[in-house]
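Commentary on secondary and tertiary structure
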Amino acid sequence: MPDSQPQPARSPDGDAAAPPPGEGALVLCGARLADGRVVDVRLSGGRIEAVGTAGSLAPGPRVDLTGYVLLPAPADPHAHLDTALTADAGGPVPHGVEDVQRRTTEAALLQLGHGATAVRTHVRVGDVAGLRALEGVLAARRSLRGLTELSAVAVPRLLTGAAGADGLAMLRDAVGMGATVIGGCPDLDPDPTGYAETVLALAAEHGCAVDLHTDGAEPARLARLAAMAGGLRPGVAVGPCGALARLPRDQAARAGQQLAAAGVTVVCLPQGDCGLSGGARGGGPWCAPVRLLRAAGVKVAAGSGALRDAANPVGRGDPLEAAYLLASHGELGPEQAYEAVSGRARAVMGLPEVRVEAGFPAELLAVRGHAVAGVLSLGYSRLVVHHARVVARTSAVREYGDVQATVALDLPRQSPRGGDPS
């Protein structure tokens, strides 16, 4: 049927698919925005082409988003996909190229289904595994192009002293292979300051971003890192900084002020520590004090961390769960919590801003619900848009016995009475 003729709207749970790249526009119709407006949104060429009142845009291929909230898609700024889904391995985790590629691909698709259209994954380099894990992650990145965006952070174990020479050489090779971010954990090196200096110097040489693991347990060390990192472009992130929540409030606030002055972003992990930060979860909170850090002027994003591996055998990799935890623990309101996994996450990853407005990238997530708070609480059914294409759908249907009781009381249902619109 030509695009010039009216076509029936398709449910996000139905069989409709977005046009292949370059083959016309797609209209998302009847979507509710975070501010409560109900709109139609036309996508084309990887961008949002137009936003209008419901029913105002020209007919064409459409997806009916009635009953859904439409939001900028989340991104995950801190993942460990090379070790994901290994909690039940029952022995040593294999680090062959194909093993890592398979795990990374499966984990990235799982996160895409949750709504994350971009993921920054930390990958260990050096030691016995050499660069095989990175090679597997980069192979997965190539195979997933068009579905989701993966960026790799090279994470060497040691960088100082005689033992660090091999790590530095391996780190240089990793950047040459395609790692776009330089990371690591200074707290695990015998010379944490020297480690950080090496990372920052190499990043400046190659124009790479920096993303370092630290628990933040030693404010003086964090202050030195902030002083060294100030002004580095394209930017420096640290995380998960869970130990800041266990420090006296005045010390944590002072550390936050120093990080803010240096322009360093903190990436917290509300769903649990990732096992590489040099800290321990036992005996206290592991998530950074987000409200305190924001009050000090720090930009805070939230990531997923470990995904069903040795560090967190029940990790989900769901950005909405990370936002839910921030909101439910009182660190942020629902809208601010969602911004931590979307706008703030994209900013720390160097990705362009997304708004549901004409001209912005068409990176979107539609979730069944009526407001952001409800989406974070019960956001099961989802539709994911990447580069103006529908790339993932999840449809959740809940049924009860003795439905006459719900009919008599006129209780709300998941879909209009008479069945799902698909």
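The structure contained in this document is the topic of the report that follows. Not measured: the values here are computed from a predicted model. Starting from 1, residues in each chain are numbered consecutively following that chain's sequence as written. Only residues with pLDDT of at least 70 are given local features in this predicted model, and only at 80 or more are side-chain atom pairs given and counted; all residues enter the totals for whole chains, interfaces and linings. The side-chain numbers reported here are obtained from all heavy atoms of the structure, hydrogens and water having been left aside.

**Observations concerning the layout of surface pockets**
Short version of the rule: Put simply, the grid is 1 Å and covers the protein atoms alone, a cavity is a trapped set of points that fit a 1.4 Å probe, a pocket is an open set with protein on both sides within 12 Å along at least five of seven lines, and lining residues have an atom within 4 Å of a point. Grid points are joined across faces, edges and corners, and a volume is the space filled by probe spheres set on the points. Only DSSP runs of H or I with at least four residues qualify as helices, and only runs of E with at least two residues qualify as strands; both kinds are numbered from the N terminus onward. Residues are grouped as follows: Ala, Val, Leu, Ile, Met, Phe, Trp, Tyr, Cys and Pro are nonpolar; Asp, Glu, Lys and Arg are charged; all remaining types, including Gly, are polar.
Considered as a void within the structure, the second largest pocket measures approximately 390 Å³ in volume. Forming the walls of the second largest pocket are 20 residues, and the residues nearest its centre are Ala34, Leu71, Pro72, Glu339 and Val354. Broken down by secondary-structure element, the contributors of at least two residues to the lining of the second largest pocket are β5 (68–72), α9 (334–341) and α10 (343–348). In terms of residue class, the lining of the second largest pocket is built from 10 nonpolar, 2 polar and 8 charged.

**Quick notes on the sheet that holds strand β6 (residues 76–79)**
We count it as follows: For two strands to pair, DSSP has to find at least two bridges joining them. Inter-axis angles, ranging from 0 to 180 degrees, are taken between N-to-C directions of lines fitted to C-alpha atoms, where helices are fitted over the stretch in contact. The contact rule is simple, with two residues in contact once any of their heavy atoms fall within 4.5 Å.
The strand order across the open sheet formed by 8 strands is β6-β7-β8-β9-β10-β11-β12-β13, and the pairing between neighbours is parallel. At either margin of the open sheet sits one strand with a lone partner, and together these are β6 and β13 (300–302). Neighbour to neighbour, the strand axes of the sheet diverge by 25 degrees on average, direction disregarded. With 2 bridges connecting them, β6 and strand β7 (residues 118–125) associate as parallel partners. Each residue of the ladder has a partner; that of alanine 79, found in β7, is threonine 121. Helix-sheet contacts for helix α3 (residues 161–177) involve β7, β8 (149–156) and β9 (181–184), and the interaxial angle to β8 is about 165 degrees. Across the sheet, helix α4 (residues 192–206) touches β8, β9, β10 (209–214) and β11 (236–240), and the angle it forms with β9 is around 175 degrees.

**A few points about the nonpolar core**
This is how it is decided: Buried Ala, Val, Leu, Ile, Met, Phe, Trp, Tyr and Cys residues that are joined via side-chain atoms within 4.5 Å together make up what is termed a nonpolar core. Only protein chains enter the accessibility calculation, which uses a 1.4 Å probe. A residue is then buried if its area is under 20% of the maximum for its type, exposed if over 50%, and partly exposed in between.
Grouped together as the largest cluster of nonpolar side chains are 70 residues, with contacts concentrated most on Leu134 and Leu326. It is α4 that contributes the most residues to this core, 6 residues altogether. Once residues within four sequence positions are removed from consideration, leucine 134 is found in contact with Val123, Val125, Ala152, Ala174, Met177 and Ala179. Listed in part, the 21 residues of the second largest apolar core include Leu26, Ala31, Leu43 and Ile48.

**Things to note about the pairing of β10**
Heads up, the rule is: Handedness of a crossover: with both strands directed away from the viewer, a clockwise path from the first strand across the helix to the second marks it as right-handed.
When you tally the buried positions in β10, you get 6 out of 6 residues, the bulk of the element. Neither face of β10 is left uncovered, since the one carrying Ala209, Asp211 and His213 and the one carrying Val210, Leu212 and Thr214 both have all their residues buried. Strand direction decides the pairing type here: β9 and β10, joined by 4 bridges, are parallel. Across the sheet, glycine 183 pairs through a bridge with aspartate 211, a residue of β10. In this fold, the crossover linking β9 to β10 by way of α4 has right-handed handedness. Both β10 and β11 contribute to a ladder of 5 bridges, which runs parallel.

**Remarks on the state of the cysteines**
Disulfide: a covalent bond connecting the sulfur atoms of a pair of cysteines. To be explicit about the condition: In what follows, a disulfide is any cysteine sulfur pair within 2.5 Å.
Per the counting criterion, the structure on display carries 0 disulfides. With no disulfide of its own, cysteine 241 lies closest to cysteine 268 among cysteine sulfurs, the gap being 9.3 Å. Relative accessible area serves as the criterion here: at 0%, cysteine 241 is assigned to the buried category. For cysteine 287, which is in no disulfide, the shortest distance to another cysteine sulfur is to cysteine 268 and amounts to 4.2 Å.

**What about unusual backbone geometry?**
Apart from glycine, the bulk of residues carry a negative phi angle, and the bulk of peptide bonds sit in the trans form. With an omega of 15 degrees, the peptide bond between arginine 233 and proline 234 qualifies as cis. Looking at where proline 234 falls in the secondary structure, it is placed in the loop between α5 (219–229) and β11. The omega angle of the peptide bond from glycine 239 to proline 240 is 5 degrees, so this bond is cis rather than trans. When you line up the elements, proline 240 lands in strand β11.

**Details of the side chain of serine 304**
Relative to the helices and strands, serine 304 is located in the loop between β13 and α8 (319–328). In contact with serine 304, not counting residues within four places along its chain, are Asp76, His78, Ala79, Gln111, Leu269, Gln271 and Gly317.

**Observations regarding helix α2 (residues 132–143)**
Let me state the cut-off plainly: One less than the residue count of a helix, multiplied by 1.5 Å, gives the span that helix is expected to have.
Its 12 residues give α2 an end-to-end C-alpha distance of 17 Å, which sits within 8% of 16 Å, the value for a rise of 1.5 Å per residue. For α2, the set of buried residues is Ala133, Leu134, Gly136, Val137, Leu138, Ala139 and Ala140. Looking at the buried side of α2, the elements it contacts are α1 (97–114), β7, β8 and α3.

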